[in-house]
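Letter by letter, the chains look like this.
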Amino acid sequence: MTATPAPPPFARQLGQLENRDTLAARNTRLVPGDIVAVKVRRYDGDSGQASYHDFKVPYQPRMRVLDAMNWISENGTPDLAYRWICGSKMCGTCAVRMNGREVLACWEAVEPEMTIEPLRNLPVIRDLVVDRTPYEEKVAALQPWIERAAEYPGFPEPLTHREIKDASKALDCISCMCCYSACPVVGLGGFTDFAGPAPLVQLGQTALDPRNAPEKVKRSLALTGIFNCVSCYKCEEVCPAGIPIVSRVIEPLKAKAAKLLPEMVKHSLALRAVVAARGRVDPTALVLRVQGWRALLKFPRAIRLLWRGKINPVKTFIKTRTAAYDAAHRILGREP
Amino acid sequence: MKFAYYPGCSAKSTCAELNVATLLVAAKLGLELTQLESATCTGARELRAIDPAAFYKLNVRILALAEREGLPLMTVCNTCTLNVLDAHAAFVSSEELAKAVNGALAEEGLRYSGRTRISHFLWVLHENIGEQRLRELVTNPLRGMTVAAFYGCHITRPPLRYGFVDSRNNIALESLARILGCEPIDYSGRMECCGFHTAAHDENVAIKLTGQHIASAKTGSAQAMVTPCPLCHTVLDGFQSEMEKDISQKLAMPILHLPQLVGLALGFTPEALRLDRHLVPTAALKKYGAEANPLAERETPASHHQAREG
């Protein structure tokens, strides 16, 4: 008997069925007796040499990436360096990259062929063990603690679920560094002052707490480079704790910055003003407003854009109101 | 099939060629588009962070305009798509928010009940036109054309919205490219970020992030890249010469908007699809235009209008 063909998926989910992109499908790819082909990136900190080593691991029911690593360690490779403590998604120490994706080794089913590598964006000490110091230094610099604006009112504190809703999401963080490894902006190294998703989540635990003094939050936020976040959601995609990092931590922190550090939020306020004045974004007006005289340095670029009809200075300078002006003005006319 | 059409700001300004190509291709596909003239910007990534209340009002208003027309909403920009999807989700999950937003919309006699279906043009091609009809309509199969699909972020992430465990598994663009006769290639940038959302204050992040992926597409022998998002296009096409300097490598990679690629396969000329409006020259793709293919049925905007009127 043949199985009933699955209904065609929603277009926005094309590839989920075809590529077994569901937890159920991923967890049932292998059966006992199968062999898992594992390739591990090994690195010797003393010699500075890195190389990939192949292992054939017999599949066992419900086998996790961590089980495969343990099997390798117990069967001929006792010097394979990797971290784990709890084995149950609590300690956040066993994160690795499996087939190019950040996973918790203790929580991820093995794949028939898998390449295991250490996390990115942190120095490798040996094999799969990374040095967490850069992250910890960043977190310490952000001073993720509460300095009360008011006297402690005694227990129980008058704190509502609504007031603490974003901070409580951030409190689910287990500091596994998956997001820190997945972040493309952190991947640019010291190119920007962006703190990265994991330190921002650590900061969010207290900065999004209404008991924290605005002055204290302001000091911390000034060090985050938070507007260098490109909103790619790579952090959310890999977070094993399921924290909506962009929408529930980074955006609420940006909202705090808008109130406490308006000079940091110039770009966002400029966009708001342009839309309020025109109904839609005029990219030239936005760039001029944000970059000011710096935009003049890009004169050759402006000429190229003009040549291809990409910008229209006449429209920009006579401030064309679009048919959307009335609505935009009504909604954005007031201060945020 | 009728849709309320929301092009967004980019397709109305820097990427006006996207709007042109969408309107041409939609007519050929039999999509009747109603323009929402008074629709505002969705607030990009900025408003949702610094002024969520206004963000919800602007986005739900767009959905309410579509609902008033009794039509599903079609978008052509990833960021707009995610914004309206997020606003819709927040609206239907919070009575309090729904009440506040509808209170504001009542000033102009609008009201949203949560019924508007939201679809990006890419999804419309798969869901409403379908593979079979598309194959019938392809009069100029783009045989031999290798394309690298650049999805952009907001059409495939966050996982809570689209459900991918690993967004790299998305195949919507590649399967479409095959239907059009192209050969999609694999490379590093499929699901990567173009960095557009930091570009207004500092384009260097976008340049650093994206140059390497165009280089990877080039190494993979792509003749063009295709993207469903005008914001990605702005970075990939508009900043490509800066990327070339940054990585000291000639890229010269033509970047196509999704409806431009579809339009070529449907027989429109590169000129009609306004491929000349890009910063990176697209002359290398001329050989795939219907004019260069003696077997292709040519489609020009004029002949199409005649056909419709006839």
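Everything here concerns the structure above.
Residues numbered from 1 in each chain as written. Chains lettered and ligands numbered in written order. Predicted model: local features only at pLDDT ≥ 70, side-chain atom pairs only at ≥ 80, totals over all residues. Heavy atoms only, no water.

Draft legend 1. Main features of the overall build of chain B. Within chain B, the regular secondary structure consists of 13 helices and eight strands. The C-alpha atoms of chain B give a radius of gyration of 19 Å, which matches the 19 Å a tight globule of 310 residues would have. Counting only C-alpha atoms, chain B reaches 60 × 55 × 35 Å along its principal axes. Burial statistics for chain B: of 310 residues in total, 66% are counted as buried. By sequence separation, contacts in chain B at least 24 residues apart represent 77% of the contacts at least 6 residues apart. Carbon and sulfur atoms provide 50% of the accessible area of chain B, an area that totals close to 10600 Å². (Helix = DSSP H or I, 4+ residues; strand = E, 2+ residues; numbered from the N terminus. Rg over C-alpha atoms; globule rule 2.2 N^0.38 Å. Buried < 20%, exposed > 50% of the residue type's maximum accessible area, 1.4 Å probe, protein only. Contact = heavy atoms within 4.5 Å. Areas by Shrake-Rupley, 256 points an atom, 1.4 Å probe, with all protein chains shown as cover.)

Draft legend 2. The packing of helix 3 (residues 133-141) of chain A against helix 6 (residues 197-207) of chain A, seen in detail. Residue and element names in this part refer to chain A. Contact pair helix 3 / helix 6: the axes reach a minimum separation of 9 Å and the direction vectors enclose 35°. Remark: the crossing between helix 3 and helix 6 carries right-handed chirality. On the side of helix 3, the interface is formed by Y135, K138 and V139, while helix 6 contributes A198, P199 and Q202. Grouping the amino acids of the contact of helix 3 with helix 6 by side-chain chemistry returns four nonpolar, one polar and one charged. (Axes fitted to C-alpha atoms, helices over the stretch in contact; angles between N-to-C directions. Left-handed = near helix turned anticlockwise from the far one by under 90°. Nonpolar A, V, L, I, M, F, W, Y, C, P; charged D, E, K, R; others polar.)

Draft legend 3. Structural detail: the pattern of salt bridges. By the definition in use, this model includes 44 salt bridges over all chains. Of the charged contacts in the structure, one is a salt bridge between R133(B) and E136(B), with a shortest N-O distance of 3.0 Å. Taken together, the residues R133(B) and E136(B), both in helix 6 (residues 121-137) and three residues apart, mark about one turn of the helix. Close ionic contact of R168(B) with D166(B) constitutes a salt bridge, the shortest N to O distance being 2.7 Å. The class for R168(B) is partly exposed, based on a relative accessible area of 36%. Since its relative accessible area comes to 8%, D166(B) is described here as buried. Several salt bridges converge on common partners, so that one network encompasses R26(A), R29(A), R101(A), E108(A), E111(A), D166(B) and R168(B). (Salt bridge = Lys/Arg side-chain N within 4 Å of Asp/Glu carboxyl O.)

Draft legend 4. A look at the sheet that holds strand 7 (residues 224-227) of chain B. Residue and element names in this part refer to chain B. One open sheet holds the four strands; their spatial order is 6-5-7-8, and the pairing between them is parallel. Among the strands making up the open sheet, the edge pair consists of strand 6 (183-184) and strand 8 (255-257). Relative to strand 7, strand 5 (residues 146-149) runs parallel, the two sharing three bridges. When the sheet's bridge partners are listed, A149 is paired in strand 7 with V226. The sheet strands contacting helix 10 (residues 230-238) are strand 7 and strand 8, and the helix crosses strand 8 at an angle near 165°. (Pairing = 2+ DSSP bridges.)

Draft legend 5. The arrangement of the environment of C9(B) in detail. Positionally, C9(B) belongs in the loop between strand 1 (2-6) and helix 1 (16-29). Ignoring sequence-local partners within four residues, the contact set of C9(B) consists of R280(A), V281(A) and C41(B).

Draft legend 6. Focus on the packing of helix 10 (residues 266-278) of chain A against helix 11 (residues 283-291) of chain A. All names here are of chain A. Running from N to C, helix 10 and helix 11 cross one another at 140°; their axes reach a closest spacing of 9 Å. Judged by the inter-axis angle, helix 10 sits oblique to helix 11. Viewed along their axes, helix 10 and helix 11 form a crossing whose handedness is right-handed. Contacts between helix 10 and helix 11 involve K266, H267, A270, L271, A273, V274 and R278 from the first element and A285, L286, R289 and V290 from the second. Of the residues assigned to the contact of helix 10 with helix 11, the class counts are seven nonpolar, one polar and three charged. (Parallel < 35°, antiparallel > 145°, perpendicular 65-115°, else oblique.)

Draft legend 7. Layout of helix 2 (residues 65-74) of chain A. All names here are of chain A. Most of helix 2 is tucked away, with eight of its 10 residues classed as buried. Buried residues of helix 2: V65, L66, D67, A68, M69, N70, I72 and S73, and no others. Within two residues after helix 2, G76 carries a phi angle of roughly 105°, on the positive side.

Draft legend 8. Examining the pairing of strand 2 (residues 32-35) of chain B more closely. Residues and elements named next belong to chain B. The pairing of strand 1 with strand 2 spans four bridges and is parallel. Residue pairing in the sheet places Y5 in a bridge with Q35 of strand 2. You can see the chain leave strand 1, run along helix 1 and come back into strand 2, and the turn it takes is right-handed. (Right-handed = clockwise from strand over helix to strand, strands pointing away.)

Draft legend 9. Up close: the interface of chain B and chain A. Each partner contributes to the interface: chain B provides 78 residues, whereas chain A provides 71 residues. A buried area of about 6300 Å², summed over both sides, lies between chain B and chain A, and 58% of it is on carbon and sulfur atoms. Of all residues in chain B, I50(B), V165(B) and H201(B) give up the largest surface area on contact with chain A, accounting jointly for 11% of the area buried on that side. Along the contact surface separating chain B from chain A lie 11 salt bridges. (Buried area = accessible area lost by both parts, 1.4 Å probe.)

Draft legend 10. Structural context of the sheet that holds strand 4 (residues 118-120) of chain B. Residues and elements named next belong to chain B. If you walk across this open sheet you meet the four strands as 2-1-3-4, and the pairing is parallel. At either end of the open sheet lies a strand with only one pairing partner, and these are strand 2 and strand 4. Ignoring which end each strand starts from, the neighbouring axes of this sheet average 40° apart. Those strands touched by helix 3 (residues 52-69) are strand 1, strand 2, strand 3 (73-75) and strand 4, and its axis lies near 130° from that of strand 3.

On their own, these measurements won't tell you what the molecule is for.
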